[in-house]
Structure formats: structure tokens, C-alpha cells
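Commentary on secondary and tertiary structure
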Amino acid sequence: MNQISPLAFVHPEAKLGDNNIIGPFCYIDRDTVIGDNNVMQNSVTLHVGTRMGSGNELFPGASISTKPQDLKFVGEVTTCQIGDNNSIRENVTISRGTASKGTTIVGSNNLLMETVHIAHDCEVGNGCILGAASKFAGEIVIDDNAIVSGGVLCHQFTHIGGYVMIQGGSRFGQDVPPYIIAGRDPIRFCGLNLVGLRRRGFSNDLIDLIHNTYRIIYSKGVKAEGIEEVKKTLQITPEVQYILDFVASSKRGIIPHGSLDTSGRTQ
């Protein structure tokens, strides 16, 4: 049985599973579908197009499936899909999709800290941590197990690889490839996410292989040459293939590698 506060509004057309807790001043609109065992603390809003799984906890002020902040949106029917077991903290906003992709997707087992914004047509994987006040523009893709620190600004259409750690306050408009630490200003490759990879059970041999993959890719002026060199000289494990596919498919280019000289230019 669902526990619905008498001070909450649930549209009669909303479809609720079982054992949900809906706190005071929550607003659940029409054309919403909610699974089981979700907790909505006070003042949570689920707009038209919400599709939510089970076991999620939403904190005060969270607003899901909001109207896209995109001038091309003309009211087309779209959705916002939320998976299972997510923690969506205070004042997080997640827009629904546009005609471009039709939906915004947030997977399962993610932590979205307070005031995170996820714009229309984004795709967030599983097991990610998105730090407080980070903002993700339209059609960004975030792969599994990425960690994005607080106050990060991500340009539309960028791709964030899995198992990355992105430094707080970073701004970027290029893709962040998997398994790395990205930071500094301007943002760039700062080495592998060694602590994160070891926590996830990556062996030293595999970490060395990932390191050598990036060493070769960044040593070549043309990414196609680096990819071919990796294929010729290194063992192609699934992790290496993931890197090669990520780099080859990047439309915006991957973030640069290098140190800064005293003028602030990337060397």
C-alpha cells in the first residue's frame, strides 16, 4: 500500500506501483509511471512524462521531467526515464527529452547531489556520482561509474567516459575519455584514476595497459595514427577496445594532454 500525504497531489491518471511514500506538498502530474518502494520527501515534483523505476529516494525540491530549456521544443510528447535505487538530492532538476532523442535517461544506483541539473536528452549510466551544483547541458552522455565533482559545467553534446574522476569547478566542451582524472584550467588529461580503478578491482597489469594505450594515443598528432599504433603494439582487451572506440567516435575531440607553461598555454 502506498503512503500518500493528504497534503500531496497525485493526478488520477498517474500510475503508481506499491509501497511508495509520497510526502507533503509533492506534486505528481498526469502521464507519470512510478514503480515500487520509492520515497519522495516533501515538495518533490514529477512532471508529465516521468517514468521511474523502484527504490529511488527523492529529496525536497527535486523536479523530474521538467519542460526542456530548449527553444526548439514545441510541446512534443517525450519522457524522462529514471532507473532504480537512485539518490536524487535537494533541488535536482532533470528535463525530459525533445524531438531529438525523445527521452532523457538516468540509469540506476546513481547519486545526484544537490542542485545538479541534467538537461534534455542526456544519458546518464549506472553507478555515477554527480557532484553538487554540476550542470549538464543537452544531449550529454555519461558512461557508467563516472565521478564528476562539484560545480562542473559540461557543454552540450559532450561524452564523459566511464570510471573517470573530474575535478571540481572544471569547464569543458570536449570529450573526457574513460579511466582518467581530468582537471586544471583549462581542463586536460591529468593521469589515470588509479585509486578508482584499484577500488573497482583493476589489476596492475591492466592499469599499465590502459596507461600505455593513452601514452601512444596522446603521442600521435593524429588520433587515427594513435589508434592504429595501439592495435599493432598492445593487447586489445575489452578495456583497451573501449578506449579506442571512444576516441574514434569522438565528434568534439578528446581533452588535451600536457602541462601549462607560465603563459597559461597548453604545451
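Scroll up for the structure.
Residues numbered from 1 in each chain as written. Predicted model: local features only at pLDDT ≥ 70, side-chain atom pairs only at ≥ 80, totals over all residues. Heavy atoms only, no water.

For the rest of this paragraph, the subject is the overall build of the chain. Helix and strand content of the chain: 4 helices and 28 strands. Relative to its length of 267 residues, the chain is compact, with a C-alpha radius of gyration of 20 Å against a globular reference of 18 Å. Each principal axis of the C-alpha distribution contributes one length, and for the chain these read about 65 × 40 × 30 Å. Taking all 267 residues of the chain together, the buried fraction comes to 47%. A separation threshold of at least 6 residues defines the contact pool for the chain, and within that pool the share at least 24 residues apart is 30%. As presented, the chain carries roughly 12,300 Å² of accessible surface, and 52% of it is formed by carbon and sulfur atoms. Charge-centre separation for the chain: the mean point of 23 positive side chains lies 6 Å from the mean point of 26 negative side chains. (Helix = DSSP H or I, 4+ residues; strand = E, 2+ residues; numbered from the N terminus. Rg over C-alpha atoms; globule rule 2.2 N^0.38 Å. Buried < 20%, exposed > 50% of the residue type's maximum accessible area, 1.4 Å probe, protein only. Contact = heavy atoms within 4.5 Å. Areas by Shrake-Rupley, 256 points an atom, 1.4 Å probe, with all protein chains shown as cover. Lys, Arg positive; Asp, Glu negative; His and termini not counted. Charge placed at Lys NZ, Arg CZ, Asp CG, Glu CD.)

Assignment of secondary structure puts valine 176 in the loop between strand 26 (171–172) and strand 27 (180–183). Accessibility expressed as a relative area gives 0% for valine 176, which makes it buried. As for valine 176 and threonine 45, which are separated by 131 residues in sequence, their C-alpha atoms are 32 Å apart. Contact partners of valine 176, with chain neighbours within four places excluded, come to His159, Ile160, Gly161, Val164, Ile166, Ala182, Phe246 and Ile255.

What follows is about the sheet that holds strand 24 (residues 159–160). Ordered in space as 3-6-9-12-15-18-21-24, the 8 strands form an open sheet in which the pairing is parallel. Lying at the two open borders of the sheet, with one neighbouring strand each, are strand 3 (15–16) and strand 24. The pairing of strand 9 (residues 50–52) with strand 12 (residues 79–82) spans 3 bridges and is classified as parallel. Looking at the pairing, threonine 50 lines up with cysteine 80 of strand 12. (Pairing = 2+ DSSP bridges.)

Moving on, we get to the pairing of strand 28 (residues 188–192). Across the 5 residues that make up strand 28, a large majority, 4, are buried. Examined bridge by bridge, strand 27 and strand 28 share 3 bridges and lie antiparallel to one another. Opposite isoleucine 180, over in strand 28, you have leucine 192 as the bridge partner. Taking the residues that link successive antiparallel strands as the turn, the strand 27-strand 28 hairpin has 4 residues, and the phi of arginine 184 there is positive, at about 70°.

It is worth spelling out the environment of valine 164 at this point. Here valine 164 lies in the loop between strand 24 and strand 25 (165–166). Taking the C-alpha atoms as reference points, valine 164 and alanine 248, 84 residues apart in sequence, are found 18 Å from one another. In this structure valine 164 touches Asn145, Ala146, Ile147, Val176, Pro177, Pro178, Tyr179, Ile180 and Asn193, once residues within four positions along its chain are discounted.

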